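Spelled out, the chains give:
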Amino acid sequence: MTRTANGRFVTTYRCNGCWRQALDETRTRLEASDDDAEIASAADVFERHGIVIHEHRRGDPAPVVRHILIRLIGMLASGLVQLSIGAVAS
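No experiment lies behind these values; they were computed from the predicted model shown. The residue count restarts for each chain, going from 1 along the sequence in the order it is written. Per-residue local features of the predicted model are confined to residues with pLDDT of at least 70, and side-chain atom pairs are confined, for both listing and counting, to 80 or more; whole-chain, interface and lining totals are unaffected and use all residues. Excluded from the side-chain calculations are hydrogens and water; all other atoms, namely the structure's heavy atoms, are used.

Engineer: Can you walk me through the pattern of salt bridges in this structure?
Structural biologist: We define a salt bridge as a contact between a side-chain nitrogen of Lys or Arg and a carboxyl oxygen of Asp or Glu at a distance within 4 Å. Enumeration according to the criterion identifies four salt bridges in this entry. Taking the shortest distance from any N to any O, the salt bridge between Arg-57 and Glu-47 comes out at 2.6 Å. Placement of the pair is Arg-57 in helix H3 (residues 54-57) and Glu-47 in helix H2 (residues 36-48), with a sequence separation of ten residues. Note on classification: 1.4 Å probe, protein chains only; a residue is buried when its accessible area is under 20% of the maximum for its type, exposed when over 50%, partly exposed between these limits. Residue Arg-57 is classed as exposed on the basis of its relative accessible area, which comes to 55%. Classification of Glu-47 by relative accessible area gives partly exposed; the value is 25%. Strands are runs of DSSP state E lasting at least two residues, helices are runs of H or I lasting at least four, and both sets are numbered from the N terminus onward.

Engineer: I keep staring at the packing of H2 against helix H4 (residues 62-78) and nothing clicks. Help me out?
Structural biologist: Packed helices, taken two at a time, are described by the angle between their axes plus the distance between the axes. Angles shown run from 0 to 180 degrees and are taken between the N-to-C directions of axes, each axis being a line fitted to C-alpha atoms and, for helices, limited to the stretch in contact. At a minimum axis separation of 10 Å, H2 and H4 run at an interaxial angle of 40 degrees. If you check the angle between H2 and H4, you find them oblique. In this structure, the crossing between H2 and H4 has a hand that is left-handed. Here Asp-36, Ile-39, Ala-42, Ala-43 and Phe-46 of H2 come into contact with H4, specifically with Ala-62, Val-65, Arg-66, Leu-69, Leu-72, Ile-73 and Leu-76. Three classes are used: nonpolar for Ala, Val, Leu, Ile, Met, Phe, Trp, Tyr, Cys and Pro, charged for Asp, Glu, Lys and Arg, and polar for all others, with Gly counted as polar. Here the residues of the contact of H2 with H4 sort into ten nonpolar, no polar and two charged. Reported orientations rely on four angle classes, namely roughly parallel under 35 degrees, roughly antiparallel over 145, roughly perpendicular from 65 to 115, and oblique for the rest. Note on convention: the crossing is left-handed when the near helix lies turned anticlockwise from the far helix by less than a right angle, right-handed when the turn is clockwise. Residue contacts are counted whenever heavy atoms from the two residues lie within 4.5 Å of one another.

Here it is in structure tokens:
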């Protein structure tokens, strides 16, 4: 995931040589974040790819959602979860 100029997270295609580094950077940023909007933005990325974080949807506190996001990023890194490349979702 990459952050845009307005601070929102988006998915971007990464080559096989750099996507793990980008995930590590995202995980590090989220681990240090207490910004509700930043955490919500990362959760929205997963939702656009069909992975709904119910705790985010029902309004659980940001630290709860952040913990789940960090686990999901670990699952991406290990290959347990994959985000499909496809049409851009709005």
